[in-house]
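# Notes for the structure review
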Amino acid sequence: MRRVAVAGAGMTAFGEHFGLGIKDLLPMAVSEMAASVDKGLKRAEIEAAWFGALTTTDGFPSGILADSCGLLDIPVTRVENACATGNDAVRNATFAVGSGAVDVALVVGADKVRESSARNTFWEWAGLTRDMAWDYPLGLVAPANFALHVARYLHESPATREHLAMVAVKNHRHALSNPKAQLRFEITVEQALNAPMVVEPFGLYDCTPQSDGAAALLLVSEDVVDRYTDRPVWVRGVGLGLDRVMHQHKKDMTTFPPTVKASRAAYAMAGIGPEDVDVAEVHDCFTGVELISYEDLGFADRFAAHELIEKGVTAVGGAKPVNPSGGLKAKGHPPGATGVAQCVELFEQLRGEANNQVDGARIGLAHNIGGPTAVSAVTVLSNHRD
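Criteria and thresholds
Residues numbered from 1 in each chain as written. Predicted model: local features only at pLDDT ≥ 70, side-chain atom pairs only at ≥ 80, totals over all residues. Heavy atoms only, no water. Helix = DSSP H or I, 4+ residues; strand = E, 2+ residues; numbered from the N terminus. Rg over C-alpha atoms; globule rule 2.2 N^0.38 Å. Contact = heavy atoms within 4.5 Å. Areas by Shrake-Rupley, 256 points an atom, 1.4 Å probe, with all protein chains shown as cover. Lys, Arg positive; Asp, Glu negative; His and termini not counted. Charge placed at Lys NZ, Arg CZ, Asp CG, Glu CD. Polar contact = N/O pair within 3.5 Å; in protein donor to acceptor, adjacent residues only side chain to side chain. Salt bridge = Lys/Arg side-chain N within 4 Å of Asp/Glu carboxyl O. Buried < 20%, exposed > 50% of the residue type's maximum accessible area, 1.4 Å probe, protein only. Core = buried A, V, L, I, M, F, W, Y, C linked by side-chain atoms within 4.5 Å. pLDDT = per-residue confidence, 0-100. Pairing = 2+ DSSP bridges. Axes fitted to C-alpha atoms, helices over the stretch in contact; angles between N-to-C directions.

### Thoughts on the overall build of the protein
Along the protein, the regular secondary structure elements total 13 helices and 11 strands. At 19 Å, the protein has a C-alpha radius of gyration in line with the 21 Å of a compact globule built from 386 residues. Seen along its three principal axes, the alpha-carbon backbone of the protein occupies a region of about 55 × 45 × 40 Å. Restricting the contact set of the protein to residue pairs at least 6 apart, pairs at least 24 apart contribute 78%. On the protein, roughly 13700 Å² of surface is accessible, and the fraction owed to carbon and sulfur atoms is 51%. One finds the centroid of the 34 positive side-chain charges in the protein at a distance of 2 Å from the centroid of its 46 negative side-chain charges.

### Focus: the side chain of Gln342
Checked against the element boundaries, Gln342 lands in helix 13 (residues 335-350). Within polar-contact distance, the side chain of Gln342 engages the backbone oxygen of Glu281 at 3.4 Å. Apart from residues no more than four positions distant in its own chain, Gln342 is found in contact with Asn87, Glu281, Val282, His283, Leu328, Lys331, Ala366, His367 and Asn368.

### Section: the pattern of salt bridges
Counted according to the given criterion, the structure contains 17 salt bridges. With its nearest N and O atoms 2.8 Å apart, the salt bridge here joins Arg2 to Asp223. Of this pair, Arg2 sits in the segment before strand 1 (4-11) while Asp223 is found in the loop between strand 7 (212-221) and strand 8 (233-242), placing the two residues 221 residues apart along the sequence. Residue Arg2 is classed as buried on the basis of its relative accessible area of 18%. Given a relative accessible area of 54%, Asp223 falls into the exposed group. One connected set of salt bridges, linked through shared partners, spans Asp38, Arg231, Arg351 and Glu353.

### Topic: the nonpolar core
Core analysis: the largest hydrophobic core is formed by 39 residues, its most contacted members being Phe146, Tyr267, Leu291, Tyr294, Phe299, Leu365 and Val380. Sorting elements by how many residues they give to this core places helix 6 (residues 142-156) first, with 5 residues. Tyr267 has contacts with Ile272, Gly273, Pro274, Val277, Leu297, Phe299, Leu365 and Val380, leaving out every residue within four places of it along the chain. Listed in part, the 35 residues of the second largest apolar core include Ala89, Ala93, Val238 and Leu350.

### Regarding the side chain of Asn356
Looking at where Asn356 falls in the secondary structure, it is placed in the loop between helix 13 and strand 10 (363-370). Here Asn356 falls in the buried class, since its relative accessible area comes to 16%. A polar atom in the side chain of Asn356 sits 3.2 Å from the backbone oxygen of Pro324. Setting aside residues up to four positions removed in sequence, Asn356 forms contacts with His174, Ser177, Val316, Pro324 and Gln349.

### Section: the confidence of the model for the protein
Of all residues in the protein, 92% have pLDDT values of 70 or greater, and the mean over the chain is 93. By mean pLDDT, helix 4 (residues 121-129) is the weakest element of the protein at 53, and strand 9 (residues 279-281) is the strongest at 99. Across residues 117-121 the pLDDT falls below 50, and counting only partners more than four positions away or on other chains, this stretch makes 10 contacts in the model.

### Here's the deal with the pairing of strand 7
Of all the 10 residues making up strand 7, 10 are buried; the element is thus mostly covered by neighbouring parts of the structure. Pairing geometry for strand 1 and strand 7, over 7 bridges, is antiparallel. By the bridge assignment for strand 7, Gly8 is matched with Leu218. In this structure, strand 4 (residues 104-112) lies alongside strand 7, joined through 9 bridges in antiparallel fashion.

### A look at the pairing of strand 4
Here strand 4 lies mainly inside the structure; 9 of its 9 residues are buried. Both strand 2 (residues 48-52) and strand 4 contribute to a ladder of 5 bridges, which runs parallel. Looking across to strand 4, one finds that Trp50 is bridged to Val107.

### Concerning the sheet that holds strand 7
The sheet built from 9 strands is open, its strands ordered 3-2-4-7-1-8-11-10-9 with mixed pairing. Two strands close off the open sheet at either side, each with one partner strand: strand 3 (76-79) and strand 9. Put simply, the sheet's adjacent strands are angled 25° from each other on average, direction ignored. Strand direction decides the pairing type here: strand 1 and strand 8, joined by 3 bridges, are antiparallel. Bridge pairing links Val4 to Val235 in strand 8. On the sheet, helix 2 (residues 61-68) packs against strand 2, strand 3 and strand 4 and is oriented at approximately 135° with respect to strand 3.

### A few points about the environment of Arg184
Counting through the fold element by element, Arg184 comes out in the loop between helix 7 (161-175) and helix 8 (189-194). In this structure the C-alpha to C-alpha distance between Arg184 and Asp88, which are 96 residues apart in sequence, comes to 28 Å. Polar contacts involving the side chain of Arg184 include one to the main-chain carbonyl oxygen of Leu176, which spans 2.7 Å. Reaching out from Arg184, the side chain makes a polar contact with the backbone oxygen of Asn178 at a distance of 3.1 Å.

Dropping the structure here:
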């Protein structure tokens, strides 16, 4: 494969965009991406696009991207893989550019989750992310689904609800300096522990908000990267992992095997290990998921994730900052956009331009997990080609 670089990145603010539709959000993200390309970008130079969208409440996604962004003369492929959609779109575009099929590719992720004039977005989202024949009758929507895992994890590990609260406090604090974040306010451990219960063990502050938003990346081959920038961020590795869908078929509820598989594939492709990651954007749809993911990504030993949050290792200023953007927990979570937005954050981190900059960051990792914990995607980026 040819080496693939990110030459531009942009995103909208995440939040409750009641006054904007997806046809408004898409051009905003793509325009900001184009403006970030150091040497400029002409839309006619884009040869293909990959569009990650989980919900389809505004019609046909591929056509909406083509129409709203003036991309009617190129192929646009829609990617949907539960909450792993964004990083899977990056993965597919990386393969297209790396294979030589195209030199310049656009990756966009977007969703309108907060409301829809056309249909009930919540039930459509539920139908796309879990087994409706089994999960729906049992009420296993997202909070209950992940609560099964985290409750078991808290039972078997030394971690407690206080550690979950520490994750929430960290990510809210990180979001303060991010103008694109949805929840830009600090909370305390006490507030998190005393918040209204959503589903045991998750209180209100353990859960990501519902969000609208869009994000975009420009991926280019090594053959043409000099045309766009002298400061590229390289896609060093991508991985996708799967597991069984139904909970009674899962062998261990205290780990997410798709994350293990996806990260191992991405590390192998990048030629690195978890110890080489300087900054990570991890899928903290619920606080306990971030803790479990520390272990699945290789950042912590089995049942030792609580030590990282206790010691401040994963805070900005620590040895392994996680979610300096605020993460899904505070930045927000429009599912199709989330993974792409994680890579936008890492693009800025690895170029030394982030709002909550990690000093000396050279290698970044983006991670999504979704389905009923059945799919995960991981992307490794670096400001060094090798």
